[in-house]
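Close look at the chain arrangement
Below, each chain spelled out in residue letters.
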Amino acid sequence: MIADPARDQILRSIRQNLAKSAPGAVAHAPSNHPLPEPRVPSPEPPDLVERFTTQLEAVGAQWTLVRGEAEAARALRRILADAGARRVAGSDAALVARVLPAGLMGGGEGLSREELFACDAGVTTAQWGIAETGTLVLESAREQHRLLSLVPPIHVALLSTRCICASLGDAL
């Protein structure tokens, strides 16, 4: 393998910043050891949810806390109606299929470029929320057509409060 000083510098910087944001965390795992299994998220304390939502608001995002899929479906209908969204594309996530109102366009993975750009809103899930910054983490391997979070003018992300982490280091 050829040494790449730029790559090494970037990785060193990432390790240092992760170590700062996650006190007590291991910043570097030796390459001859397998990576640890991903942790199963546990319910986060309300103050972490509050911190996350405060940071979301700071960047201009709106949020709604719901309890269960039925309430999520009602909230999603209200959000889309209030925004005047008539053409909505949903990702292939099972949760999105269950809560996206009938009659709105679903199945974002089958849309042409023109259809996608004509959508008023895109609905996806988010795998993690970072309380420190109000950031949503969307893993591209989890759902098809992540462009639904970028192209339509409105993006609605469904996120479980169990998946809210204090920092990026915790999510990684």
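Note: the structure precedes this text.
What counts and what doesn't
Residues numbered from 1 in each chain as written. Predicted model: local features only at pLDDT ≥ 70, side-chain atom pairs only at ≥ 80, totals over all residues. Heavy atoms only, no water. Salt bridge = Lys/Arg side-chain N within 4 Å of Asp/Glu carboxyl O. Helix = DSSP H or I, 4+ residues; strand = E, 2+ residues; numbered from the N terminus. Core = buried A, V, L, I, M, F, W, Y, C linked by side-chain atoms within 4.5 Å. Buried < 20%, exposed > 50% of the residue type's maximum accessible area, 1.4 Å probe, protein only. Contact = heavy atoms within 4.5 Å. Pairing = 2+ DSSP bridges. Axes fitted to C-alpha atoms, helices over the stretch in contact; angles between N-to-C directions. Disulfide = S-S within 2.5 Å. Expected span 1.5 Å × (residues − 1). Arc of directions from axis to C-beta.

1. Let's talk about the pattern of salt bridges
Overall, the coordinates contain two salt bridges when judged by the stated rule. In this structure, E69 and R98 form a salt bridge, with 2.8 Å as the shortest nitrogen-oxygen distance. Within this pair, whereas E69 is found in helix α3 (residues 69-83), its partner R98 is found in helix α4 (residues 94-99), the two being separated by 29 residues in sequence.

2. Concerning the nonpolar core
L76, L80, V88, V99, L100 and V123 are the most contacted members of the largest nonpolar core, which totals 14 residues. If you list the elements that add at least two residues to this core, you get α3, α4, β2 (121-125) and β5 (154-158). Examining the composition of this core, we find that four residues originate from one element, α3, more than from any other. With residues near it in sequence (within four places) discarded, V123 still touches L76, V88, A89, G90, S91, V96, L100, L148, V156 and L158. L48, V49, F52 and A131 belong to the second largest nonpolar core, which has six residues in total.

3. Let's talk about the pairing of β2
Of all five residues in β2, five are buried, a share of seventy percent or more. Note: strand β1 (residues 88-90) against β2, three bridges, orientation parallel. Residue G90 lies in a different strand from β2, and its bridge partner there is V123. Sheet topology places β2 next to β5; five bridges connect them, and they run parallel. Bridge assignment links G122 to a residue of β5, and that residue is H155.

4. Topic: the environment of S149
Relative to the helices and strands, S149 is located in the loop between β4 (135-137) and β5. In sequence terms S149 and T124 are 25 residues apart; their C-alpha atoms lie 6.8 Å from each other. Sequence-distant contacts of S149, that is, excluding residues within four places in its chain, are made with T124, L138 and H155.

5. Regarding the sheet that holds β1
Sheets are built from strands that pair by backbone hydrogen bonding, the pairs being arranged parallel or antiparallel. If you walk across this open sheet you meet the three strands as β1-β2-β5, and the pairing is parallel. Every interior strand has two partners, whereas the edge strands, β1 and β5, have only one. Across the sheet, the mean angle separating the axes of adjacent strands is 20° when strand polarity is ignored. Lying on the sheet, α3 is in contact with β1, β2 and β5; it crosses β5 at an angle near 170°.

6. Observations concerning the state of the cysteines
For the structure on display, the rule yields zero disulfides. Of all cysteine sulfurs, the one in C163 lies closest to C165, which takes part in no disulfide; the gap is 7.4 Å.

7. Some details on the sheet that holds strand β3 (residues 128-130)
Reading across from one edge, β4-β3-β6 is the order of the three strands in this open sheet, with mixed pairing throughout. The outermost strands of the open sheet, each flanked by one partner alone, are β4 and β6 (164-165). When β3 meets β6, the two strands line up parallel, connected through two bridges. In the sheet register, I130 faces β6, and the bridge partner there is C165.

8. Brief notes about α3
For α3, which comprises 15 residues, the first-to-last C-alpha distance of 21 Å matches the rise-based estimate of 21 Å (1.5 Å per residue) to within 8%. Residues of α3 that are buried: A72, A73, A75, L76 and L80. End-on, the buried residues of α3 take up no more than an arc of 165°, which puts them together on one face. In α3, the exposed residues that point more than 90 degrees away from the buried face are A70, A81 and D82. The elements touched by buried residues of α3 are β1, α4, β2 and β5. At the exit of α3 stands G84, carrying a positive phi of roughly 70°.

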